[in-house]
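# Examining the three-dimensional arrangement
In case you want the letters, here they are:
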Amino acid sequence: MNIVIVESPAKAKTINKYLGSSYEVLASFGHVRDLPAKNGSVDPEHNFKMIWEIDPKANGRLNEIAKSLKGADRLILATDPDREGEAISWHVLEVLKEKRAIKDHKIERVVFNAITKQAVSEAMKHPRQIDGALVDAYMARRALDYLVGFTLSPVLWRKLPGARSAGRVQSVALRLVCDRELEIEKFVPREYWSLVATLITPRGEAFEARLVGADGKKIQRLDIGSGAEAEDFKKAIEAAHFTVTTVEAKPARRNPQAPFTTSTLQQEASRKLGFAPAHTMRIAQRLYEGIDIGGETTGLITYMRTDGVQIAAEAITQTRKVIAEDYGNAYVPEAARQYQAKAKNAQEAHEAIRPTDLSRRPAEMRRRLDTDQAKLYELIWIRTIASQMESAELERTTVDIAAKAGSRLLELRATGQVIKFDGFLALYQEGRDDEEDEDGRRLPSMSAGEALKRQALAVTQHFTEPPPRFSEASLVKRMEELGIGRPSTYASILQVLKDRGYVRLEKKRLHGEDKGRVVVAFLENFFRRYVEYDFTADLEEQLDRISNNEISWQQVLKDFWHDFIGAVDDIKDLRVTEVLDALDAMLGPHIYPARADGGDVRQCPTCGTGKLNLKAGKFGAFVGCSNYPECRFTRPLAADSEASADRVLGKDPETDRDVTVKAGRFGPYIQLGDAKDYPEGEKPRRAGIPKNISPADIEFDLALKLLSLPREIGRHPESGLPITAGLGRFGPFVRHDKTYASLEAGDEVFDIGLNRAVTLIAEKIAKGPSGRRFGADPGKPLGDHPTLGAVAMKNGRYGAYVTSGGVNATIPSDKDKDTITLAEAIALIDERAAKGGGKPARGKKAAKPAKSGPAKSQPAKPELAKPELTKTDAEAATAKPAKKAAVKKPAAKPKSEAVSKARAPVASAAKTSAAKPPTTAKPAKKSAGKARG
């Protein structure tokens with residue numbers, strides 16, 4: 001028997017069918033180990049030794065893999081063909097070695113770029129060993145991210161209360177957004193004028209020509225800077241006689257773009273389909289894993305995390321065949337097009353993203369896929385086909401015109417472009433983030449010396465505009481240009497910035513939020529080197545060199561850590577007030593905009609004598625008066641951010657009650673009507689505002705959608721019970737009976753469909769009891785205890801245990817939970833009961849809990865990148881009170897001790913408040929979880 005390991009159960013099921021009965025394909029469900037969120041997980045003092053912790057949810061699956069190996073001869077590691085996939089294979093192998101499951105098994109690593117029978121079968125013929133250099137590069141990246149996040153985030157919490165976290169790459173991406181905000185704020189518009197004449201040929205054909213020169217001098221776009229200058233040119237043109245001086249027509253060719261890489265796919269899906277990068281990657285993952293076609297599950301696209309642009313020879317041949325069939329031989333170039341990979345790391349330059357079978361046309365696949373899957377598949381198919389089509393042939397024409405007005409000679413120019421042969425443009429044209437002027441109009445036929453007549457003259461005033469804010473697509477493009485991040489990280493970086501409230505997406509543009517700008521200002525003041533674009537890009541190059549086996553990963557970490565920990569030590573003695581003074585000066589243009597009356601921007605509007613300055617409270621940074629406590633004026637950082645509170649958005653069409661955005665003790669919320677509109681004792685309907693949405697951005701339609709939650713999506717096809725969608729403290733979710741499943745990036749709580757909801761519920765159940773929020777694991781029955789009743793084996797958050805009559809006993813590591821006998825279980829339970837474990841009898845006073853033992857409750861492991869909902873008065877009145885974490889006992893498990901220690905800086909930071917913060921602020925959720933770059 002051959003055991004094959006892949007990441008996902010869907011992939012496992014498909015590949016199992018391809019390989020036959022001599023293979024058993026098992027899923028690891030992604031990463032199985034990670035660095036625990038506690039001090040010492042990476043130890044710089046001992047050559048960066050790393051302590052890995054097995055995910056409790058993965059432990060059971062690893063035991064199943066170990067059990068399957070008992071009757072097997074070969075272990076085949078077939079995880080994804082990139083650095084992360086290599087790391088997962090290495091982790092699985094290391095854990096199996098620790099469990100002593102590897103005896104004389106033959107260990108092989110295989111990679112395939114597509115989940116098709118041919119690709120998988122071919123990969124099995126060419127096994128290799130785990131690539132140690134790729135694993136080293138993964139470890140270096142993971143250690144760097146841990147060291148930066150786990151070292152820098154507590155500094156932020158202490159020196160900058162209200163900050164969430166900082167990451168190696170995330171902070172640099174955030175700086176890009178915030179630097180653009182600063183450019184916009186500092187931008188001073190510049191006036192300029194344009195003059196465009198409409199001229200007529202002797203044959204009566206009209207066209208437009210722009211003023212480009214006067215009296216022997218060229219006129220650039222911004223050269224005419226006043227209305228007086230424009231008026232002077234206008235008079236001259238109105239009095240002029242026009243003659244064609246030259247007509248120049250040049251042929252031009254436009255070549256198609258290369259097939260998609262991860263970055264270009266995310267950019268085009270954002271431009272053309274409006275998909276967020278995370279949503280694009282989730283859909284691409286499903287297309288890669290495949291759908292059922294003719295009774296066999298087949299992957300529809302190749303692997304979607306790549307920076308390669310070349311495609312396989314057989315795919316090129318098939319592409320050219322499809323072009324000939326659909327468009328004719330004129331659209332097939334003589335030689336196949338070859339594209340050069342731009343990736344710096346050759347080991348990650350896999351084949352570009354393309355359909356696995358180009359004969360599966362989008363129209364045919366549309367009925368087999370959901371709407372978004374069909375759209376993305378079509379985009380990938382079109383781009384791949386276009387990349388091998390003939391070039392477009394153009395003719396670009398430039399006509400220069402002399403305008404003689406007395407002694408003055410003005411020059412006008414008309415440009416046009418004609419497509420002689422459309423080539424690939426018949427199918428595809430790449431989108432743009434910021435449209436540029438491109439004159440694609442056809443010009444009438446003209447020849448030198450012909451006289452022209454003026455029909456009209458447009459004199460237009462313009463003002464230069466600030467640089468546009470980044471869209472998600474343009475930010476990904478900029479990160480790629482700067483060498484920041486990698487294909488597998490772009491989507492997650494953007495999602496983290498949005499989830500933490502550092503940026504918000506408004507009208508498809510990324511806006512830097514106050515808390516994000518404060519974090520960037522802090523880092524630029526005190527850790528400038530580590531948010532510089534060149535430094536981050538150079539570090540990425542070093543990681544690439546590690547994966548090429550050129551340098552030692554420990555040496556890269558040593559070089560980085562020496563300077564980084566020195567910078568951290570330098571700021572330790574800085575007082576919070578010193579930090580705030582530095583940020584106050586840096587963020588001045590943003591915090592204190594110019595007043596309409598020209599007065600002092602820092603004058604307190606309440607007392608008139610105090611000066612406004614930046615202060616810190618446990619809820620974050622805010623602006624307060626220097627005369628505190630006599631004057632208690634406070635406001636958020638942005639001077640106009642209060643305008644979003646207590647505003648009526650409109651009338652609810654069903655009840656005719658006002659829909660209002662209000663400010664409450666726990667933050668802003670939406671309310672339907674007032675108390676007088678409801679029966680006595682009934683409270684107005686309210687809805688919280690998600691943390692990644694500013695109250696100022698709430699519009700009427702969105703408010704009605706939020707008030708409609710929770711909503712019923714439909715009935716579960718098996719149980720018949722309703723499935724609902726709603727928003728909770730941890731973000732959007734779907735619920736069926738007692739199972740709650742969080743929505744993934746790209747899912748929309750307002751329009752998620754029944755099929756997708758059923759899938760999320762099924763995936764949540766498949767993850768096992770450790771992922772449950774409600775309901776207990778029924779466990780595996782083992783028999784009856786002589787006095788306590790039924791005995792069962794269950795999977796808990798911290799591993800497997802046996803239970804009976806309220807007494808829980810952990811199963812020791814030397815025993816297999818799947819083979820434990822009733823007698824062994826009874827012995828463990830009796831031993832636990834003798835130590836004081838279990839629930840007290842009814843009616844009796846509860847005894848003090850034992851100082852140690854597996855039955856002791858543990859605080860939940862914190863999470864970082866979960867969407868959160870601002871708590872409203874409605875939630876405060878109706879929600880069940882949250883359980884308080886138990887006070888730490890000396891003998892508690894190390895994991896919870898690490899959590900407590902990691903939270904300690906947060907507590908101390910909360911005491912640094914110098915003034916009462918704004919009532920609209922809400923404390924940012926602190927977390928000791930790992931901070932990712």
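Presented here is an overview of the structure given in this document. (Residues numbered from 1 in each chain as written. Predicted model: local features only at pLDDT ≥ 70, side-chain atom pairs only at ≥ 80, totals over all residues. Heavy atoms only, no water.)

Right, let's talk about the overall build of the protein for a bit. Across its full length, the protein carries 24 helices and 34 strands. Out of the 933 residues in the protein, the part that is buried amounts to 50%. Contacts spanning at least 24 positions in sequence make up 68% of the contacts within the protein whose residues lie at least 6 apart. As displayed, the protein has an accessible area near 44700 Å², and 49% of this comes from carbon and sulfur atoms. (Helix = DSSP H or I, 4+ residues; strand = E, 2+ residues; numbered from the N terminus. Buried < 20%, exposed > 50% of the residue type's maximum accessible area, 1.4 Å probe, protein only. Contact = heavy atoms within 4.5 Å. Areas by Shrake-Rupley, 256 points an atom, 1.4 Å probe, with all protein chains shown as cover.)

Right, let's talk about the side chain of arginine 360 for a bit. Positionally, arginine 360 belongs in the loop between α10 (313–327) and α11 (362–365). Comment: no salt bridge for buried arginine 360; closest opposite-charge side chain is aspartate 357, at 4.1 Å. Among residues more than four places away in sequence, those in contact with arginine 360 are Ile293, Thr298, Gly299, Leu300, Met365, Tyr377 and Trp381. (Lys, Arg positive; Asp, Glu negative; His and termini not counted. Salt bridge = Lys/Arg side-chain N within 4 Å of Asp/Glu carboxyl O.)

What follows is about the sheet that holds strand β30 (residues 739–742). If you walk across this open sheet you meet the four strands as β27-β28-β29-β30, and the pairing is antiparallel. Two strands bound the open sheet, and with one partner strand each, they are β27 (711–715) and β30. Neighbour to neighbour, the strand axes of the sheet diverge by 25° on average, direction disregarded. The sheet contact formed by β27 and strand β28 (residues 722–728) spans four bridges and is antiparallel. Looking at the pairing, arginine 715 lines up with proline 722 of β28. Contacts between helix α21 (residues 754–766) and the sheet are confined to β27, β28, β29 (731–736) and β30, with β30 contributing the most and set at about 110° to the helix. (Pairing = 2+ DSSP bridges. Axes fitted to C-alpha atoms, helices over the stretch in contact; angles between N-to-C directions.)

Viewed as axis vectors pointing N to C, helix α13 (residues 472–482) and helix α14 (residues 490–499) meet at an angle of 125°, and their least axial separation amounts to 11 Å. By the angle class used here, α13 and α14 are oblique. For the crossing formed where α13 meets α14, the hand is right-handed. Contact residues: α13 offers Glu472, Leu475, Val476, Met479 and Glu480, while α14 offers Tyr490, Ile493, Leu494 and Lys498. Taken together, the residues that form the contact of α13 with α14 break down as six nonpolar, no polar and three charged. (Parallel < 35°, antiparallel > 145°, perpendicular 65-115°, else oblique. Left-handed = near helix turned anticlockwise from the far one by under 90°. Nonpolar A, V, L, I, M, F, W, Y, C, P; charged D, E, K, R; others polar.)

Applying the stated criterion to the full structure yields 50 salt bridges. One salt bridge connects arginine 504 with glutamate 513, and the closest N-O pair in it is separated by 3.0 Å. A relative accessible area of 15% places arginine 504 in the buried class. Judged by its relative accessible area of 17%, glutamate 513 falls in the buried class. The closest approach of N and O atoms between aspartate 677 and lysine 676, which form a salt bridge, is 3.6 Å.

Going through the model one piece at a time under the given rule, you end up with 16 aromatic pairs. When the centroid spacing of 5.1 Å and the interplanar angle of 10° are considered together, the rings of tyrosine 146 and phenylalanine 150 count as stacked. Here phenylalanine 150 and tyrosine 146 lie together in helix α5 (residues 132–159), a separation of four residues that amounts to about one turn. Among the residues examined, tyrosine 146 registers a relative accessible area of 5% and is labelled buried. Taking the relative accessible area as the measure of exposure, phenylalanine 150 reaches 13% and is therefore buried. Plain terms: the ring middles of tyrosine 327 and tyrosine 331 are 5.9 Å apart, the flat faces sit at 50° to each other, and that makes the pair tilted. Grouping aromatic residues by their ring pairs yields a cluster made of Phe522, Phe526, Phe527, Tyr530, Phe535, Phe560, Trp561 and Phe564. Here the guanidinium or amino end of arginine 175 rests over the ring plane of tyrosine 533, the centre of that ring lying 4.4 Å away. (Phe/Tyr/Trp six-rings, centres within 6.5 Å; stacked < 30°, edge-to-face > 60°. Lys NZ or Arg CZ within 6 Å of the ring centre and 35° of its normal.)

Let's shift gears to the nonpolar core. Of all hydrophobic cores here, the largest spans 83 residues; its most connected members are Phe522 and Phe527. With 14 residues, α5 is the single largest residue contributor to this core. Formed by 58 residues, the second largest nonpolar core is a distinct cluster that contains Leu287, Ala374, Leu425 and Tyr428. (Core = buried A, V, L, I, M, F, W, Y, C linked by side-chain atoms within 4.5 Å.)

End to end, helix α7 (residues 227–238) covers 16 Å across 12 residues, agreeing with the expected 16 Å (1.5 Å per residue, within 8%). Of the surrounding secondary structure, the elements contacted by the buried residues of α7 are β9 (191–200), β10 (206–214), β12 (241–254), β15 (392–405), β16 (408–421) and β17 (451–463). (Expected span 1.5 Å × (residues − 1).)

Position of leucine 409 relative to the elements: it lies in strand β16. Of the residues examined, leucine 409 reaches a relative accessible area of 40% and is grouped as partly exposed. Remark: the alpha-carbon pair of leucine 409 and histidine 241, spanning 168 residues in sequence, is separated by 9.8 Å. Beyond its immediate stretch of four places on either side in the chain, leucine 409 contacts Ala214, Asp215, Ala402, Ala403 and Lys404.

Take helix α6 (residues 170–186) next. Helix length check: α6 (17 residues) gives 25 Å between terminal C-alpha atoms against 24 Å at 1.5 Å per residue, within 8%. The element α6 is largely enclosed, with a buried count of 13 among its 17 residues.

This part is about unusual backbone geometry. Note that the residue after tyrosine 628, namely proline 629, is joined by a cis bond; omega there is 10°. The omega torsion of the bond from leucine 709 to proline 710 falls at -5°, within 30 degrees of zero and hence cis. Relative to the assigned elements, proline 710 resides in the loop between α20 (700–707) and β27. Unlike most non-glycine residues, aspartate 215 shows phi in positive territory, near 55°. Tracing the backbone through its elements, the reader meets aspartate 215 in the loop between β10 and β11 (217–218). A relative accessible area of 43% means that aspartate 215 is categorised as partly exposed. At aspartate 656, a position not held by glycine, the phi torsion is positive, near 65°. Among the secondary structure elements, aspartate 656 is positioned in the loop between β23 (647–651) and β24 (658–664).

What sits between the antiparallel neighbours β27 and β28 is a turn of six residues, in which glycine 720 has the positive phi angle 80°. Taken together, the six bridges between β28 and β29 define a ladder with antiparallel strand orientation. Each bridged residue has a counterpart across the sheet, and for isoleucine 723 the counterpart in β29 is histidine 736. With antiparallel pairing between neighbouring strands as the criterion, β28 and β29 make up a hairpin whose turn holds two residues.

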